Amino acid sequence: MTEHDVVILADPRGLAGHVAERLVAEIATAQAARGTASVVLTGGGMGTRTLTAVGDLDTSGIDWSRVDVWWGDERFVAADDAERNERAARAALLDGLGLDPARVHAIPAADAVATAEDAAERYAAELATSSETTGSRPADGTAVPAFDVLLLGVGPDAHVASLFPELDAVQEGRRTVLAVHDAPKPPPHRVTLTLPAINAARQVWLVVAGADKAGAVALAANGAAAQQVPAAGVQGTERTVWFLDTAAAARLPRPRRDDE
Ligand SMILES: O=C(O)[C@H](O)[C@@H](O)[C@H](O)[C@H](O)COP(=O)(O)O
């Protein structure tokens, strides 16, 4: 972790509620500044829980038809497969929001394209087109929009999106989206944003709960290399925030609870 904020809540429920409130506020701020907002979603327990918590809030200050929704990674399975991150996000929140379907940018499913490589190529093209049409390309020229908020979960092995320790994808420095075929966590076939694409976001938020993540969080805080600890390699161009529950923060040097 380089320059970063750490926010610690008591438990997963409080964590999801807090991140949801901040997300709603950031979307409103982005829309006030630029007319639109873009959010990158993550799968996993905390990602889905956060979306459910957004659904419990008053979001009348947001024009949902002017929010672009992307995904940081996707399992390469059929569109209606219960493993699919898009499906979980739709059920938790998206289907009830009145989003513009043209602004919901799902990663192509296994019944829409032949291979995960095809899905990655198509998604990269969609990201590039969006960055051009919206004029929101990040300063380093990476061919993705400068996302307002990019959410990530972290695995016990410190993976983020589908960037797993010691696999080639975490080293990618040029392409924005890759197919992954050897994910150690099932399902093995996936499509993921790369570190350059993730790090184009204005804000990167890592949302992490549970004692099984405490080691990964501590390694990232101690400045481990991204190759071994992918979570250590992510950062927003404006802000990086680690949202933790007390269990995930247990091995940080000076734990502090923000709701005390
Ligand atoms: O694609 C996957 O297999 C999961 O989405 C995974 O990447 C998840 O985001 C993290 O393991 C954190 O998960 P939790 O939030 O459930 O701890």
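As recorded in an unreviewed UniProt entry, the protein goes by the name 6-phosphogluconolactonase, listed as coming from Tersicoccus phoenicis. If you open the UniProt record of the protein and go to Function (unreviewed entry), you find "Hydrolysis of 6-phosphogluconolactone to 6-phosphogluconate." According to its UniProt record, the protein has this under Pathway (unreviewed entry): "Carbohydrate degradation; pentose phosphate pathway; D-ribulose 5-phosphate from D-glucose 6-phosphate (oxidative stage): step 2/3."

Concerning the overall build of the protein
On a plain count of helices and strands, the protein comes out with 6 helices and 9 strands. For 260 residues, the compact-globule estimate of 2.2 N^0.38 gives 18 Å, and the protein sits close to it at 17 Å. Its C-alpha atoms put the protein at 45 × 45 × 35 Å along the principal axes. The burial tally for the protein puts 47% of its 260 residues in the buried class.

Digging into the sheet that holds strand E9 (residues 239-245)
On the basis of which strands lie adjacent, the open sheet formed by 6 strands has the order E1-E9-E8-E5-E2-E3 and parallel pairing. Each edge of the sheet is formed by a strand with only one pairing partner; in this case those strands are strand E1 (5-9) and strand E3 (67-71). The average angle at which neighbouring strand axes cross in this sheet is 20°, direction not considered. Relative to E9, helix H1 (residues 12-34) is tilted by about 155°, and along the sheet it contacts E1, strand E2 (37-41), E3, strand E5 (149-152), strand E8 (203-208) and E9.

So, the UniProt feature "domain: Glucosamine/galactosamine-6-phosphate isomerase" (unreviewed entry) in the protein
Here the UniProt-annotated "domain: Glucosamine/galactosamine-6-phosphate isomerase" (unreviewed entry) positions come out as residues 11-242. End C-alpha atoms of residues 11-242 are separated by 14 Å, and the span's content is 32% helix alongside 15% strand.

With respect to the packing of H1 against helix H2 (residues 44-55)
At a closest axis distance of 8 Å, the pairing of H1 and H2 adopts a crossing angle of 60°. In terms of their interaxial angle, H1 and H2 are classed as oblique. Regarding H1 and H2, the two cross each other, and that crossing is right-handed. Where H1 abuts H2, its residues Pro 12, Leu 15, Ala 16, Gly 17, Val 19, Ala 20, Leu 23 and Val 24 lie against Met 46, Arg 49, Thr 50, Ala 53 and Val 54. Split into classes, the residues belonging to the contact of H1 with H2 amount to 10 nonpolar, 2 polar and 1 charged.

Focus on the site of the ligand
If you check the shell around the ligand, you find Thr 42, Gly 43, Gly 44, Gly 45, Met 46, Gly 47, Gly 153, Val 154, Gly 155, His 159 and Lys 185 and nothing else. Partitioning the shell around the ligand into residue classes produces 2 nonpolar, 8 polar and 1 charged.

Digging into the packing of H2 against helix H3 (residues 85-92)
Running from N to C, H2 and H3 cross one another at 25°; their axes reach a closest spacing of 8 Å. Here H2 lies roughly parallel to H3, going by the angle between them. Viewed along their axes, H2 and H3 form a crossing whose handedness is right-handed. Here H2 contributes Thr 48, Leu 51, Thr 52 and Gly 55 to the contact with H3, which in turn contributes Ala 88, Ala 89 and Ala 92.

Thoughts on the sheet that holds strand E6 (residues 177-180)
Taken in spatial order, the 3 strands of this open sheet run E4-E7-E6, and their pairing is antiparallel. The sheet terminates laterally at strand E4 (73-75) and E6, the two strands that pair on one side only. The sheet shows a mean angle of 15° between the axes of neighbouring strands, direction not considered. Those strands touched by helix H4 (residues 116-134) are E6 and strand E7 (190-193), and its axis lies near 165° from that of E6.

So, how was this worked out
Residues numbered from 1 in each chain as written. Predicted model: local features only at pLDDT ≥ 70, side-chain atom pairs only at ≥ 80, totals over all residues. UniProt positions renumbered as here; feature names shortened; annotations may be inferred. Helix = DSSP H or I, 4+ residues; strand = E, 2+ residues; numbered from the N terminus. Rg over C-alpha atoms; globule rule 2.2 N^0.38 Å. Buried ≥ 20, exposed ≤ 12 C-beta atoms within 10 Å, placed from the backbone. Pairing = 2+ DSSP bridges. Axes fitted to C-alpha atoms, helices over the stretch in contact; angles between N-to-C directions. Contact = placed C-beta atoms within 7 Å. Parallel < 35°, antiparallel > 145°, perpendicular 65-115°, else oblique. Left-handed = near helix turned anticlockwise from the far one by under 90°. Nonpolar A, V, L, I, M, F, W, Y, C, P; charged D, E, K, R; others polar. Near = placed C-beta within 6 Å.

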